[in-house]
Amino acid sequence: MKVYSLLGFVDYEGSDLLGVFGSVEDLMKFVGSMERQKDGRYEYFDQLGYVESELGQRIEDVLGVVEYL
């Protein structure tokens, strides 16, 4: 089963897991509900991105496979 893990990135600090979704469409609905600041950034995060993986799969290199939004 494919899952899509949404991550919020803060420059020079790291990332936070915001949620795991069953489809990109569900992930994008959640992103659409997030508040944006005047400069276009999402509240608290400099960038958002997601990683597609199989449920339970270990991801060795998040920064190498992340799809930024």
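Residues numbered from 1 in each chain as written. Predicted model: local features only at pLDDT ≥ 70, side-chain atom pairs only at ≥ 80, totals over all residues. Heavy atoms only, no water.

Draft legend 1. Highlighting the pairing of strand β2 (residues 14-21). With 7 bridges connecting them, strand β1 (residues 2-10) and β2 associate as antiparallel partners. Note on β2: the bridge partner recorded for L7 is L17. Connecting the antiparallel pair β1 and β2 is a turn made up of 3 residues, with Y12 showing a positive phi of about 65 degrees. (Pairing = 2+ DSSP bridges. Helix = DSSP H or I, 4+ residues; strand = E, 2+ residues; numbered from the N terminus.)

Draft legend 2. How the structure looks around the sheet that holds strand β3 (residues 47-54). Across the sheet, which stays open at both edges, the 4 strands sit in the order β2-β1-β3-β4 with antiparallel pairing between neighbours. Edge positions in the open sheet fall to β2 and β4 (67-68), since each of these has one partner strand only. Here 2 bridges tie β3 to β4, and the two strands are oriented antiparallel to one another. When the sheet's bridge partners are listed, G49 is paired in β4 with Y68. Sitting on the sheet, helix α1 (residues 24-33) is in contact with β1, β2 and β3, with an inclination near 30 degrees to β1. (Contact = heavy atoms within 4.5 Å. Axes fitted to C-alpha atoms, helices over the stretch in contact; angles between N-to-C directions.)

Draft legend 3. Fine view of the pattern of salt bridges. Tallying each qualifying case throughout the model produces 3 salt bridges. Between K2 and E52 there is a salt bridge, with its nearest N and O atoms 3.4 Å apart. Here the residue K2 occupies a position in strand β1, and E52 occupies one in strand β3, the gap between them amounting to 50 residues. Between K2 and E54 there is a salt bridge whose closest N-O contact spans 3.6 Å. Of this pair, K2 sits in strand β1 while E54 sits in strand β3, and the two are 52 residues apart along the sequence. Judged by relative accessible area, which is 39%, K2 ranks as partly exposed. Within this structure, K2, E52 and E54 form a network of salt bridges that share partners. (Salt bridge = Lys/Arg side-chain N within 4 Å of Asp/Glu carboxyl O. Buried < 20%, exposed > 50% of the residue type's maximum accessible area, 1.4 Å probe, protein only.)

In short, geometric facts, not functional conclusions.
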